[in-house]
Amino acid sequence: GAGVSQSPSNKVTEKGKDVELRCDPISGHTALYWYRQRLGQGLEFLIYFQGNSAPDKSGLPSDRFSAERTGESVSTLTIQRTQQEDSAVYLCASSFYLDSEGGYTFGSGTRLTVV
Amino acid sequence: AQTVTQSQPEMSVQEAETVTLSCTYDTSESDYYLFWYKQPPSRQMILVIRQEAYKQQNATENRFSVNFQKAAKSFSLKISDSQLGDAAMYFCAYVEGTYKYIFGTGTRLKVLA
């Protein structure tokens, strides 16, 4: 697609429920990133995918968080048993491989609210 | 560990005036990249300008320019002839050799008509 697409745009969920967030990167971008942005704070790295290589999951805050990506296509970020501290904007970005210096292209994010 | 600090949570500027947003960072590397991203209410992060550390010349993109002081580890953004559409959150970011960006906490810029 022309840009990075994320869905849903907003999600309100009850504490304890599972949620799935979706990211559709720019066609041809082999690298995909998930970041979390809490209110009033900067972006925290969560996970990085590059092609079929093993992802870098070092930023995932707990084992309730997981993400998948098949090849160079769509990625889903899953949060199990959501907690109120999971409330944040989850941003996805993509880039060409070895072109992180050129800057990411971001989606518009999913605002997750856990009530 | 690398860190990025934006010490101004909020700034205001009159339309058509100039404003400078500050950013400092900490690294022991000599080769890296620095960025300024703009985040309007739409939430999408938009790349404003990038600077390669090994280039001494300050990057410029139309009304946006940077003052890169490598020895001082400072990377400020200057916005000239400010426009209402410049109102947004601005984030400074750093990356070296890898893919993992380190972001500052952001500066909210208000443009006054």
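Use the structure listed above.
The shown structure was predicted, so the numbers you read here are calculated from the model rather than taken from an experiment.

Draft legend 1. Fine view of the state of the cysteines. Tallied over the full model, the rule gives two disulfides over all chains. At a sulfur-sulfur separation of 1.9 Å, the disulfide partner of C23(A) is C92(A). Given an S-S torsion of about -65°, the disulfide between C23(A) and C92(A) has left-handed geometry. Linking C23(A) in strand β3 (residues 19–24) with C92(A) in strand β8 (residues 88–95), this pair joins segments that are 69 residues apart in sequence. Here C23(A) and C92(A) have matching classes, each one buried. In this model C23(B) forms its disulfide with C92(B); the gap between the sulfur atoms is 2.0 Å. Across the S-S bond linking C23(B) and C92(B), the dihedral sits near -70°, which makes this disulfide left-handed. Pair noted here: C23(B) is in the loop between β3 (19–21) and β4 (24–26) and C92(B) is in strand β10 (residues 88–95), with a separation of 69 residues, a long-range link. Neither residue differs from the other here; C23(B) and C92(B) are each classed as buried.

Calculation notes
Residues numbered from 1 in each chain as written. Chains lettered and ligands numbered in written order. Predicted model: local features only at pLDDT ≥ 70, side-chain atom pairs only at ≥ 80, totals over all residues. Heavy atoms only, no water. Disulfide = S-S within 2.5 Å. Helix = DSSP H or I, 4+ residues; strand = E, 2+ residues; numbered from the N terminus. Buried < 20%, exposed > 50% of the residue type's maximum accessible area, 1.4 Å probe, protein only.

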